[in-house]
Amino acid sequence: MDPYFRPILISTALVILLNTIFVLPIQGAPLFSYFIGGLVAVILFKKELKDKFEDVKTTDAAILGIGTGIVVGAVLTMIIAIKLQDVNMQRFVIDSINEAMKMRTESEFQMLEYLGPGFYVVTSIVTILICSLISLFGGLAVLPFVNKAKK
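Each chain carries its own residue numbering, running from 1 in the written order of its sequence. Under the rules for a predicted model, residues below a pLDDT of 70 receive no local features and side-chain atom pairs below 80 are neither given nor counted, while totals for whole chains, interfaces and linings still include all residues. The basis for the side-chain values is all heavy atoms of the structure; hydrogens and waters are excluded.

Side note on helix 1 (residues 5–20)
Think of an α-helix as 3.6 residues a turn; residues three or four steps apart then line up on the same face.
Okay, so step 1: Between its first and last C-alpha, helix 1 extends 22 Å over 16 residues, near the 22 Å set by a 1.5 Å rise per residue.
Okay, so step 2: We call two residues in contact when some of their heavy atoms are within 4.5 Å. Segments assigned H or I by DSSP are reported as helices when at least four residues long, segments assigned E as strands when at least two residues long, and all are numbered from the N terminus. For helix 1, the secondary structure elements touched by its buried residues are helix 2 (29–48) and helix 3 (58–83). The length a helix should cover is 1.5 Å for every residue beyond the first.

Quick word on the packing of helix 1 against helix 2
Okay, so step 1: Packing of helix 1 against helix 2 brings their axes to within 8 Å, and their N-to-C directions diverge by 155°. Here helix 1 is positioned roughly antiparallel relative to helix 2, judged by the angle of their axes. When you trace helix 1 past helix 2, the crossing you get is right-handed. Here Arg6, Pro7, Ile10, Ser11, Leu14, Val15, Leu18 and Asn19 of helix 1 lie close against helix 2, whose contacting residues are Pro30, Ser33, Tyr34, Ile36, Gly37, Val40, Ala41, Leu44, Phe45 and Glu48. All axes are obtained by fitting lines to C-alpha atoms, using only the stretch in contact for helices, and the reported angles, taken between N-to-C directions, cover 0 to 180 degrees. Under this scheme an angle from 65 to 115 degrees is roughly perpendicular, one under 35 degrees roughly parallel, and one over 145 degrees roughly antiparallel; angles in between are oblique. Crossing handedness is read from the near helix: turned anticlockwise from the far helix by less than a right angle, it gives a left-handed crossing, and turned clockwise, a right-handed one.

Here's the deal with helix 4 (residues 87–100)
Okay, so step 1: In a regular helix each residue adds 1.5 Å, so 14 residues correspond to 20 Å; helix 4 covers 20 Å between its end C-alpha atoms and thus fits that length.
Okay, so step 2: Buried means the residue's accessible area, taken with a 1.4 Å probe over protein chains only, is under 20% of the maximum for its type, while exposed means over 50%, and partly exposed covers the values in between. Along helix 4, the positions that sit buried rather than exposed are Gln90, Val93, Ile94, Ile97 and Asn98. One side of helix 4 holds all its buried residues, which, seen down the axis, span an arc of 130°. For helix 4, the exposed residues set more than 90 degrees away from the buried face come down to Asn88, Phe92 and Ala100.
Okay, so step 3: Looking at the packing, one finds that the buried side of helix 4 touches helix 5 (117–141). Taking the helix axis as origin, the arc is that swept by the directions to the C-beta atoms.

Structural notes on the pattern of salt bridges
A side chain of one charge can pair with a side chain of the opposite charge when the charged atoms of the two come close.
Okay, so step 1: Think of a salt bridge as a Lys or Arg side-chain nitrogen and an Asp or Glu carboxyl oxygen that are within 4 Å of each other. Applying the stated criterion across every chain, the model contains 1 salt bridge.
Okay, so step 2: Here Glu48 and Arg6 are joined by a salt bridge, their closest N and O atoms 3.3 Å apart. A residue pair is termed long-range when its members are at least 10 positions apart, and Glu48 in helix 2 and Arg6 in helix 1 qualify at 42 residues.

Describing the side chain of Thr127
Okay, so step 1: Mapped onto the fold, Thr127 is located in helix 5.
Okay, so step 2: Dropping the residues within four chain positions of it, Thr127 is found in contact with Gly73, Leu76, Thr77 and Ile80.

Re a nonpolar patch on the surface
Okay, so step 1: Patch criteria: residues need more than 30% relative accessible area and no salt bridge. Like-charged residues are merged within 9 Å; nonpolar side chains of Val, Leu, Ile, Met, Phe, Trp and Tyr are merged within 5 Å. All accessible areas in this document rest on Shrake-Rupley with a 1.4 Å probe, and a residue is counted as covered only by the protein chains that are shown. On the surface, Leu31, Val122, Val126 and Ile130 cluster together to form a nonpolar patch covering roughly 310 Å² of accessible area.
Okay, so step 2: Looking at the nonpolar patch element by element, the count peaks at 3 residues for helix 5.
Okay, so step 3: With respect to the element layout, Val122 can be found in helix 5.

Focus on the confidence of the model for the protein chain
Okay, so step 1: The predictor reports its confidence for every residue as pLDDT, a score running from 0 up to 100. Across the protein chain, pLDDT averages 82, with 84% of residues at or above 70.
Okay, so step 2: Taken element by element, the protein chain is modelled with least confidence in helix 4, mean pLDDT 76, and with most confidence in helix 3, mean pLDDT 90.

Quick look at the packing of helix 2 against helix 3
Okay, so step 1: For the pair helix 2 and helix 3, interaxial distance at closest approach is 9 Å and the crossing angle is 130°. Viewed along their axes, helix 2 and helix 3 adopt a mutual orientation that is oblique. Viewed along their axes, helix 2 and helix 3 form a crossing whose handedness is right-handed. Listed contacts from helix 3 to Tyr34, Gly37, Ala41, Val42 and Phe45 of helix 2 are Asp60, Ala61, Leu64, Thr68, Val72 and Leu76.
Okay, so step 2: The class makeup of the residues in the contact of helix 2 with helix 3 is 8 nonpolar, 2 polar and 1 charged. Residues are sorted three ways: Asp, Glu, Lys and Arg are charged, Ala, Val, Leu, Ile, Met, Phe, Trp, Tyr, Cys and Pro are nonpolar, and all the rest, Gly among them, are polar.

What follows is the structure, given as structure tokens:
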């Protein structure tokens, strides 16, 4: 089996659990969970290696971090798309957009359909990009700790 597959799936499951079930009550908790996902993926990859003296390379950490971020971003995008089928959630999103844009004129968005499919495309791209970058940083941050110093 591919040595990247299991660490990416396990760390993805951990991040999704942290974001959907164990919603942490601190600001920035989702971003921190993406970072943890990258850390866990590299640590699990190190345990998957059969040779105990083999170091985890930077490219391995990058593949694990970006892979975890892409899978997490895709799953979160799917969850967002499902949640936006609810009318109350659509109203909340529209009110948030209108408030952020300070739109108090006739051009306020009334329904999510007026935003068009571009809204979903941009949301998915941004979600996957943010998840991938932060997971990449998490994977690279743990490298000095999993690779022992050579004497």
